[in-house]
Amino acid sequence: MNELQLELTNSLRKYCQDKIEPFMEEDDASGKFRPEIFKGLGEYGVTGVPLPEEFGGANLSYTDFAYVLREIAKYSAPYAVTLSVSTMVQNIINEFGNQDQKEKYLPPLTSGQEIGAFCLSESHAGSDAASLKMTAKKTQGGYILNGSKMWITSAGVASTYFVTARTGGEGAKGISAFIVQAGTKGFSIGKKEKKMGFRTSPTCEILFENCFIPEENLLGQEGEGFKYAMSGLDRGRISIGAIACGLAQRSLDESVKYSLERKQFQQEIFNFQGLQFMMADMATEVSASWLMVLEAARLFDAKNSDSKLASMAKLKSTDVAMKVTTDAVQIFGGAGYTSEYPVERYMRDAKVMQIFEGTNQIQRVVIARALKKEHQ
Ligand code: CAA
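Residues numbered from 1 in each chain as written. Predicted model: local features only at pLDDT ≥ 70, side-chain atom pairs only at ≥ 80, totals over all residues. Heavy atoms only, no water.

**A closer look at helix α4 (residues 77–96)**
Link 1 in the chain: Relative to the 28 Å expected for 20 residues at 1.5 Å per residue, α4 spans 28 Å between its end C-alpha atoms, a close match to the ideal helical length.
Link 2 in the chain: With 18 of 20 residues buried, α4 is to be regarded as a mostly interior element.
Link 3 in the chain: Regarding α4, its N-cap is Ser-76, as a side-chain oxygen of that residue lies 3.1 Å from the backbone nitrogen of Tyr-79 further along. (Helix = DSSP H or I, 4+ residues; strand = E, 2+ residues; numbered from the N terminus. Expected span 1.5 Å × (residues − 1). Buried < 20%, exposed > 50% of the residue type's maximum accessible area, 1.4 Å probe, protein only. Polar contact = N/O pair within 3.5 Å; in protein donor to acceptor, adjacent residues only side chain to side chain.)

**Concerning the pattern of salt bridges**
Link 1 in the chain: According to the stated counting rule, one finds 21 salt bridges in the structure shown.
Link 2 in the chain: Put simply, Arg-34 and Glu-36 hold a salt bridge, and the shortest N to O gap is 4.0 Å.
Link 3 in the chain: What makes Glu-36 partly exposed here is its relative accessible area of 47%.
Link 4 in the chain: A salt bridge links Lys-149 to Glu-122; its shortest N-O distance comes to 2.9 Å. Of this pair, Lys-149 sits in strand β3 (residues 142–153) while Glu-122 sits in the loop between β1 (116–119) and β2 (135–139), and the two are 27 residues apart along the sequence. For the pair Lys-149 and Glu-122, one class covers both residues: buried.
Link 5 in the chain: Taken together, the shared-partner salt bridges connect Glu-26, Asp-27, Arg-34 and Glu-36 into one network. (Salt bridge = Lys/Arg side-chain N within 4 Å of Asp/Glu carboxyl O.)

**Side note on a negative patch on the surface**
Link 1 in the chain: There is a patch of like negative charges on the surface, built from Glu-54, Asp-100, Glu-103 and Glu-216.
Link 2 in the chain: On the secondary structure map, Glu-54 appears in the loop between α2 (35–43) and α3 (62–73). (Patch = residues over 30% accessible without salt bridge, like charges linked within 9 Å, V, L, I, M, F, W, Y side chains within 5 Å. Areas by Shrake-Rupley, 256 points an atom, 1.4 Å probe, with all protein chains shown as cover. Lys, Arg positive; Asp, Glu negative; His and termini not counted. Charge placed at Lys NZ, Arg CZ, Asp CG, Glu CD.)

**Considerations on the site of the ligand**
Link 1 in the chain: Around the ligand there are 24 residues in total, and Ser-127, Thr-153, Lys-173, Arg-237 and Glu-357 lie nearest to it.
Link 2 in the chain: Between the ligand and Thr-153, the relevant distance is 2.5 Å, taken from an oxygen atom to a side-chain nitrogen or oxygen of the residue.
Link 3 in the chain: Lys-173 is positioned such that a nitrogen or oxygen atom in its side chain is 2.8 Å from an oxygen atom of the ligand.
Link 4 in the chain: When the ligand sits alone it has 1100 Å² of accessible area, and the protein chains cover 72% of it.
Link 5 in the chain: When residues of the shell around the ligand are traced back to their parent elements, those giving at least two are α6 (225–261) and α10 (360–375).
Link 6 in the chain: Per element, the largest residue contribution to the shell around the ligand is 7 residues, and it comes from α6.
Link 7 in the chain: Of the residues in the shell around the ligand, the class split is 11 nonpolar, 7 polar and 6 charged. (Near = heavy atom within 4 Å. Nonpolar A, V, L, I, M, F, W, Y, C, P; charged D, E, K, R; others polar.)

**Brief notes about the side chain of Glu-193**
Link 1 in the chain: Mapped onto the fold, Glu-193 is located in the loop between β6 (187–192) and β7 (203–214).
Link 2 in the chain: Other than its neighbours up to four places away in sequence, Glu-193 contacts Met-150, Trp-151 and Thr-203. (Contact = heavy atoms within 4.5 Å.)

**A word on the packing of aromatic side chains**
Link 1 in the chain: If you walk through the whole model with that rule in mind, you get 15 aromatic pairs.
Link 2 in the chain: Judged by centre distance (5.5 Å) and plane angle (85°), the ring pair of Phe-198 and Phe-356 falls under edge-to-face. In this pair, Phe-198 sits in the loop between β6 and β7 while Phe-356 sits in the loop between α9 (343–353) and α10, placing the two residues 158 residues apart along the sequence.
Link 3 in the chain: Judged by relative accessible area, which is 3%, Phe-198 ranks as buried.
Link 4 in the chain: Residues Phe-265 and Phe-272 carry aromatic rings whose centres are separated by 6.1 Å and whose planes lie at 85° to one another, so their mutual orientation is edge-to-face.
Link 5 in the chain: Phe-265 gets classed as exposed once you look at its relative accessible area, which sits at 66%. (Phe/Tyr/Trp six-rings, centres within 6.5 Å; stacked < 30°, edge-to-face > 60°.)

**Digging into unusual backbone geometry**
Link 1 in the chain: In this structure, Ser-154 is a non-glycine residue whose phi angle is positive, near 70°.
Link 2 in the chain: A positive phi is found at Phe-198, a non-glycine position, where the angle reads about 50°.

**Looking at the domain arrangement of the protein chain**
Link 1 in the chain: On domain assignment, one finds that the protein chain holds domain 1 (3–114), domain 2 (117–223) and domain 3 (227–375).
Link 2 in the chain: Taken over C-alpha atoms, the centre of domain 2 sits 30 Å from the centre of domain 3.
Link 3 in the chain: Facing the 13 residues of domain 2 at the interface are 12 residues of domain 3.
Link 4 in the chain: With both chains or domains summed, domain 2 and domain 3 bury close to 970 Å², and 74% of this area falls on carbon and sulfur atoms.
Link 5 in the chain: Between the two partners, domain 2 and domain 3, sit 0 salt bridges.
Link 6 in the chain: On inspection of domain 2 and its partner domain 3, the count reaches 3 residue pairs in polar contact (both at pLDDT 80 or more).
Link 7 in the chain: In terms of residue class, the side of domain 2 that touches domain 3 is built from 7 nonpolar, 5 polar and 1 charged. (Domains from an automatic or database assignment. Buried area = accessible area lost by both parts, 1.4 Å probe.)

So, in C-alpha cells, the structure goes:
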C-alpha cells in the first residue's frame, strides 16, 4: 500500500465507522437506503476515483479504487456495491460516450450527488445476457424503448441509467446502449425485491413503456451496446472482488476478536487448534484473493486489461467470502446465528456476490473460453 492509499483508507475508515456502521443492523432489518451516506462518500472524494479530473473525478488508479472499495466493504458491502456499480456506469460513459455526454452526465456522478445504475438483465436474460428482448425502435429524433429490466441495483435511488436494448436482430450485435435519466416519461420503477441479504441496497424491476429517448442519448454506436456492457463488467468484476475481500477480511477480524474473548473449557476458544487452523486458512484465502484483485487492477492500470484475470479475481474472492463468512458464523457458534453479532449478516451479504455481475459459473465460462483461445 502506498502513502496515498494509506491516507485514503485511514480517513475513509473513520467515516465508515462513524457514519455507516452504526446504521447497518437497523437498516438491514428495515431495508433502508440512506442517500446521505452516499453523498458523504462523495464529499470524501471517492465517488469518482478512477475518472478524469476534467469530469470531476479523482484521476486515481483502479488499484487505488480497489483499496477504497475494500475499506468501505469492511463496514458495508451494500454501500460499496452501490459505489462500484455507479463507478462502472461512469467508466462506460467515459470510455464510449461523446464529449457532450461526458460533460452532462459525469460530474453529478463523480461528485456523488447522483448515483448510476446498470441495466442489462431481464427476467429471461440473466446469464445469457445477449438474449435480451427489450427494444429501442428508431423514430424521428430518437428511440422508443419498450420492455423491462430485472434485478437492477440502485433502481429508484439512481438517476442515471445505462440501459441496453435491441435496435437490430437477434444476438449481441443487435444490442445498443442508452443513457436514460430517472423521471423520463415512460420510465418507471417496478417491484422491489425482498432479498436474503444486501437489504440496504435497493434492487428493483424497471419498466419502459413507450419511453422516448432523444438521439443524443445513444451511447457510442448502434449495435455495440453489448460490448460496452461486457467491457464495463470486466472492471466491475474486479470491483466486486475487492468488495468481497473487504467483507471476508472483516469476518476474519471479528472471528479472531471473538475467539480471544469467548471462553469454554476454562480458556479462550482461540486456544483450540481446530479454530486456529480455520482462521489460518481464512487469512490465507483472503490474502490470496486480494493479491488476485490487485493484479487484475494493476493490469487495467497498465492498459493491459485481462477479462480472464478479472473473472478469476471475482470468482476466487466471492467464493472465499462465502466460505470465510460461513466459517465466521461457525466460530461464533449459536451467537453467530443470531443478529446479536453481525457475522450472520455478512454471510447473507456474501451469497449474492457469487451471483451478481455474472454468476461464478459464468466467470468459469469466461476463463475457459480464454484458455481455449490462448491454446489456439
Ligand atoms: N469486452 C468487450 N467485448 C466483449 C467482451 C468483453 N469483455 N466479452 C465479449 N465481448 C464481445 C465479443 O467479442 C463478441 O463480439 P464479436 O462477435 O464482434 O467478436 C460479443 O461481445 C459477444 O460475445 P460472446 O459471443 O462471448 O457472447 P455470449 O452471448 O456468448 O455471452 C457471456 C458471453 C460471458 C456469457 C456474457 O453473456 C455474460 O457475461 N453473461 C453474464 C451477464 C452478467 O454478468 N450480468 C451481470 C448483470 S449486472 C450486475 O449484476 C450488476 C449489479 O447489479 C451488481
